[in-house]
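# Fold and contact review
Read off the chains here:
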Amino acid sequence: MVITMKHELDLSSYQVRTDLLSEILDKELKDYKREIKSVDNIKVESIFLDKESSLTINKKSGIYKTVYFEDITDEDNYQKLNKVLISELKEFFNLKKLTNLKNCLIIGLGNRLSTPDAIGPLTLDDIKVTRHLFTLGFAVLDKYRSIATFTPGVMGTTGIETYDAVMGIIDNIKPDFIIVIDSLCASSIDRLNKTIQITDTGIHPGSGIGNNRKELSFETLNIPVIAIGIPTVVEASTIVSNSIEYLFNHISYEIDNRDKKSLKFVPTISRDYKEHRNNFTKAEKENLLGIVGGLDSASSKDLMREVLLPLGYNYIVSSKEIDFVVKKISALLADSLNNSLLLP
């Protein structure tokens, strides 16, 4: 977005932050290889990004598998998601030819003391660690790999760059491949706590809050790196922008259903218009909310971020039930990894 006043101000740097490839593809790239399937109402999207496309959207080329789900706190949904995730992880390991490799290092990025950022460390609490059994000469069933875990913490509390700590571990235990788990930042409240991204492109520790450290990837570590991320936070500007979009959907829903007598008995707060899409023209939106209403989604988010950043109000926020959800997601990831890492 460029605003012209006395001087020309380039606001291209004020782009809404997101770690999810799926949130930027349709806006910036029209031609790419994508496969979508649904299992028990759980959507799985696989994107194969080539080098040419990666340059267009400034994302690394590779495989991006994204699992979309709803309420993980429901036990039935939890079990269904667990089954799907185990299957998708096994498929991913097969794609990357990791199925028969026996030495795995799982790294849990994040800060245990900050709930939205604690998924990595909490997941490792429930991982079945086996490497010590192999090194000590115990008899281990053939189905188990040699699994080691490491929680590097955050640079603000350790004073050590995550990359340096990880390299030290790699030099000593020499794993065949690495799995990195981290919390992400989303640019849509629809994705919050409801998305799991699996990719072979590695990860930048701290990228979710704009605190980029040296990346952990095949290019920097010289061994395969599988990154698993879950968006647990969004920016305040994202919430404002999304609310405007939902406002139009709400108004459109009320207009389209105003002749339904049954709707009169449903309280406004209980009306489900999430999937309803408005057909308002740009002029109609401007009539409702002025020039702000006429902005497209990307421009609206850029504007809100431009407004909030100088004031220090573009907070990074999470949902009110984040404590409970993070525990459930961490348990899910641990269970899925424990089962998917069993040797065939």
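To start, this report covers the structure provided alongside it.

How each quantity is defined
Each residue is numbered by its place in its chain's sequence as written, counting from 1. At least 70 in pLDDT is required for a residue's local features to be given in this predicted model, at least 80 for side-chain atom pairs to be given and counted, and no such filter applies to totals for whole chains, interfaces and linings, which use all residues. For the side-chain quantities, the full set of heavy atoms in the structure was used; hydrogens and water were omitted. Working definition: rings of Phe, Tyr and Trp (its six-membered ring) pair if their centres are within 6.5 Å, and the pair is stacked with planes under 30 degrees apart, edge-to-face with planes over 60 apart, and tilted otherwise. With a 1.4 Å probe rolled over the protein chains alone, any residue whose accessible area is under 20% of its type maximum counts as buried; one over 50% counts as exposed, and the rest are partly exposed. When the NZ atom of lysine or the CZ atom of arginine is within 6 Å of a ring's centre and also within 35 degrees of its normal, the charge is said to sit over that ring. Only runs of H or I of at least four residues qualify as helices and only runs of E of at least two qualify as strands under DSSP, and these elements are numbered from the N terminus. Only residues whose relative accessible area exceeds 30% and that form no salt bridge are eligible for patches; like-charged ones are grouped when within 9 Å, while nonpolar side chains (Val, Leu, Ile, Met, Phe, Trp, Tyr) are grouped when within 5 Å. Here, Shrake-Rupley sampling with a 1.4 Å probe gives the accessible areas, and only protein chains in the shown set may cover a residue. Every case where a carboxyl oxygen of Asp or Glu lies within 4 Å of a side-chain nitrogen of Lys or Arg is listed as a salt bridge. His is not counted, nor are the chain ends; Lys and Arg add positive charge and Asp and Glu add negative charge. Throughout, a charge is located at the NZ atom of Lys, the CZ atom of Arg, the CG atom of Asp or the CD atom of Glu. Multiplying one less than the number of residues by 1.5 Å gives the expected span of a helix. Every residue pair with non-hydrogen atoms within 4.5 Å of one another is taken to be in contact. To qualify as a nonpolar core, a set must consist of buried Ala, Val, Leu, Ile, Met, Phe, Trp, Tyr and Cys residues joined through side-chain atoms within 4.5 Å. For helices, the axis comes from a line fit to the C-alpha atoms of the stretch in contact; other axes are also lines fit to C-alpha atoms, and the angle between any two N-to-C directions lies between 0 and 180 degrees. Roughly parallel means an angle under 35 degrees; roughly antiparallel, over 145; roughly perpendicular, 65 to 115; everything else is oblique. Under the grouping applied here, Gly and all other residues not named as nonpolar or charged are polar, the nonpolar ones being Ala, Val, Leu, Ile, Met, Phe, Trp, Tyr, Cys and Pro and the charged ones Asp, Glu, Lys and Arg. The crossing is said to be left-handed when, going from far helix to near helix, the turn is anticlockwise and less than a right angle, and right-handed when the turn is clockwise. Within 3.5 Å is the distance limit for a polar contact, defined as a pair of N or O atoms, with the added protein rule that one can donate a hydrogen and the other accept it, and that residues adjacent in sequence qualify only through two side-chain atoms.

As a further point, take the packing of aromatic side chains. Counted according to the given criterion, the structure contains four aromatic pairs. Relative to Tyr315, the ring of Tyr313 has its centre 6.1 Å away and its plane inclined at 45°; by these criteria the two rings are tilted. The class for Tyr315 is partly exposed, based on a relative accessible area of 48%. Above the plane of the ring of Tyr68 lies Lys43, whose end atom (NZ or CZ) is 4.9 Å from the centre. The ring of Tyr163 has Lys214 sitting right over it, with the charged end atom 4.0 Å from the ring centre.

This part is about unusual backbone geometry. Among all residues except glycine, the phi angle is most often negative; among peptide bonds, the trans geometry is most common. A positive phi is found at Asp40, a non-glycine position, where the angle reads about 55°. Following the sequence through the fold, Asp40 ends up in the loop between strand E3 (33–39) and strand E4 (42–49). Here the phi dihedral of Asn222 falls at roughly 65°; this positive angle occurs in a residue that is not glycine. Among the secondary structure elements, Asn222 is positioned in the loop between helix H8 (218–221) and strand E10 (225–235). With relative accessibility at 60%, the residue Asn222 sits in the exposed group.

A cluster of acidic residues, Asp190, Glu245, Asp272 and Glu275, forms a negative patch on the protein surface. By secondary structure assignment, the location of Asp272 is in the loop between helix H9 (236–256) and helix H10 (282–289). In this structure Asp272 comes out as exposed when scored by relative accessible area, which is 63%.

Turning next to H9. If you check H9, its first and last C-alpha atoms are 30 Å apart, about what 21 residues at 1.5 Å a residue would give, namely 30 Å. Of all the positions in H9, only Ala236, Ser237, Thr238, Ser241, Asn242, Ile244, Tyr246, Phe248, Asn249, Ser252 and Tyr253 are classed as buried. Buried residues belonging to H9 abut strand E8 (177–186), E10, H10 and helix H11 (297–308).

This next bit is on the nonpolar core. Ranked by internal contacts, the top residues of the largest apolar core, which has 37 residues, are Ile106, Ile179, Ile181, Ile196, Ile228, Leu333 and Leu341. In terms of residue count, the dominant contributor to this core is helix H12 (residues 322–340) (eight residues). If we ignore the near neighbours within four places in the chain, the residues touching Ile228 are Leu89, Ile179, Val180, Ile181, Asp182, Ile196, Gln197, Ile198, Leu333 and Leu337.

Here H9 crosses H10 at 105°, and the two axes come no closer than 12 Å. Viewed along their axes, H9 and H10 adopt a mutual orientation that is roughly perpendicular. In this structure, H9 contributes Ile244, Leu247, Phe248 and Ile251 to the contact, and H10 contributes Lys285, Leu288 and Leu289. When the residues that make up the contact of H9 with H10 are grouped by side-chain class, the tally is six nonpolar, no polar and one charged.

Moving on: a nonpolar patch on the surface. The grouping of Leu247, Leu288 and Leu289 at the surface amounts to a nonpolar patch, some 220 Å² of accessible area in total. Turning to its location among the elements, Leu288 is positioned in helix H10. Looking at Leu288, the relative accessible area reads 41%, which means it is partly exposed.

Take the environment of Ile169 next. Examined against the element boundaries, Ile169 turns out to sit in helix H7 (residues 162–173). According to the relative accessible area criterion, Ile169 is partly exposed, its value standing at 25%. When residues no more than four places from it in sequence are discounted, the contact partners of Ile169 are Leu105, Phe150 and Lys174.

In a regular helix each residue adds 1.5 Å, so 21 residues correspond to 30 Å; helix H3 (residues 75–95) covers 30 Å between its end C-alpha atoms and thus fits that length. Where H3 terminates, the next one or two residues include Lys97, which has phi positive at roughly 60°.

Moving on to the packing of H9 against H11. The N-to-C vectors of H9 and H11 enclose an angle of 135°; their axes lie 8 Å apart at closest approach. Between H9 and H11, the angle falls in the class oblique. Taken as a pair, H9 and H11 cross one another with a handedness that is right-handed. Mapping the contact onto sequence places Ala236, Ser237, Val240, Ser241, Asn242, Ile244 and Glu245 in H9 and Ser297, Ser300, Lys301, Met304, Arg305 and Leu308 in H11. The class makeup of the residues in the contact of H9 with H11 is five nonpolar, five polar and three charged.

Attention shifts here to the side chain of Asn257. Along the polypeptide, Asn257 turns up in the loop between H9 and H10. There is a polar contact of 2.8 Å between the side chain of Asn257 and the backbone oxygen of Tyr253. Of note is the side chain of Asn257, whose polar atom sits 2.9 Å from the side chain of Lys260.

Let's shift gears to the side chain of Glu161. The residue Glu161 is located in the loop between helix H6 (155–158) and H7 in this model. The exposure class assigned to Glu161 is buried, which follows from its relative accessible area of 14%. Separated by 3.3 Å, the side chain of Glu161 and the backbone nitrogen of Lys214 make a polar contact.

With that settled, consider the pattern of salt bridges. Evaluated as defined, the whole model comprises 13 salt bridges. Put simply, Glu91 and Lys37 hold a salt bridge, and the shortest N to O gap is 3.6 Å. Here Lys37 lies in strand E3 and Glu91 lies in helix H3, a separation of 54 residues in the sequence. Note on Glu91: relative accessible area 32%, which makes it partly exposed. Notably, a salt bridge pairs Lys65 with Glu91, separated by 3.1 Å at the nearest N-O pair. Pair noted here: Lys65 is in strand E5 (residues 62–68) and Glu91 is in helix H3, with a separation of 26 residues, a long-range link. The exposure class of Lys65 is buried, given its relative accessible area of 1%. One salt-bridge network, in which partners are shared between bridges, spans Lys37, Lys65, Glu88 and Glu91.

Purely geometric numbers; function is a separate question.
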